[in-house]
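Tertiary structure, described
Now for the letters of each chain:
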Amino acid sequence: MQSQLITQYGFGGTVGYDVSRAVSLHAFGYYYASNPIVAPAFSPFMNTTAYGGYADIRFNDRFGSNIGVRRYVNPMSGRWTTEPIVTPYFRIGKKMKLELPIGNLLKAAIWGDQDNPLRFQPRPMTTPQQRK
């Protein structure tokens, strides 16, 4: 992977519906023809097949949160992974929005990080046997 260039082709889209002035629902899906397994340094930059949905809940003009779920192909393991979408946000002015994506942190705190292929798993060594 580090010595070659990979081109990915895909398509996707999102659809949204405003339920009220305070709540909107969104669904999304993206498909990529190839999902190569990559090194950990490349994984945040790889596009992968994904789908899911979330609700945008606006508490007032300045504060809100996106709450939902996303399922995607993990680029380090090649397996489907499900993660929550929990993203509180603060609006600064009319055009700028500060988002704090904490879905992965909540998933690791509540359910553990069994989907993390880099998770350290200690293996105790056996005691050496003496020769007779």
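Since the structure is predicted, the reported quantities are computational estimates derived from the model, not experimental observations.

**Quick word on the layout of surface pockets**
One way to see where empty space is left: roll a probe the size of a water molecule over the atoms. Empty space within the second largest pocket amounts to approximately 330 Å³. Lining of the second largest pocket is provided by 18 residues; of these, Phe-28, Arg-70, Glu-83, Ile-85 and Thr-87 occupy positions nearest its centre. In terms of residue count, the dominant contributor to the lining of the second largest pocket is strand 5 (residues 80-92) (five residues). Residue classes in the lining of the second largest pocket are distributed as nine nonpolar, six polar and three charged.

**Focus on the sheet that holds strand 6 (residues 96-99)**
Spatially, the six strands line up as an open sheet ordered 1-2-3-4-5-6, and their pairing is antiparallel. This sheet does not close on itself; its edge strands, each paired only once, are strand 1 (10-18) and strand 6. Neighbour-to-neighbour, the strand axes of this sheet turn through a mean angle of 20°, independent of strand direction. Note that strand 5 and strand 6 share four bridges and pair antiparallel. Its bridge partner lying in strand 6, Phe-90 is registered against Leu-98.

**Quick look at the pairing of strand 3 (residues 50-58)**
Pairing analysis gives eight bridges linking strand 2 (residues 23-32) to strand 3, with the strands arranged antiparallel. Looking at the pairing, His-26 lines up with Tyr-54 of strand 3. In this structure, strand 3 lies alongside strand 4 (residues 63-73), joined through nine bridges in antiparallel fashion. If you follow Asp-56 over to strand 4, its bridge partner there is Asn-66. Joining the antiparallel neighbours strand 3 and strand 4 is a turn of four residues.

Rules used throughout
- Residues numbered from 1 in each chain as written.
- Predicted model: local features only at pLDDT ≥ 70, side-chain atom pairs only at ≥ 80, totals over all residues.
- Heavy atoms only, no water.
- 1 Å grid on protein atoms, 1.4 Å probe; cavity = no way out; pocket = protein on both sides within 12 Å on 5 of 7 lines; lining within 4 Å.
- Points joined across faces, edges and corners; volume = space filled by probe spheres on them.
- Helix = DSSP H or I, 4+ residues; strand = E, 2+ residues; numbered from the N terminus.
- Nonpolar A, V, L, I, M, F, W, Y, C, P; charged D, E, K, R; others polar.
- Pairing = 2+ DSSP bridges.
- Axes fitted to C-alpha atoms, helices over the stretch in contact; angles between N-to-C directions.

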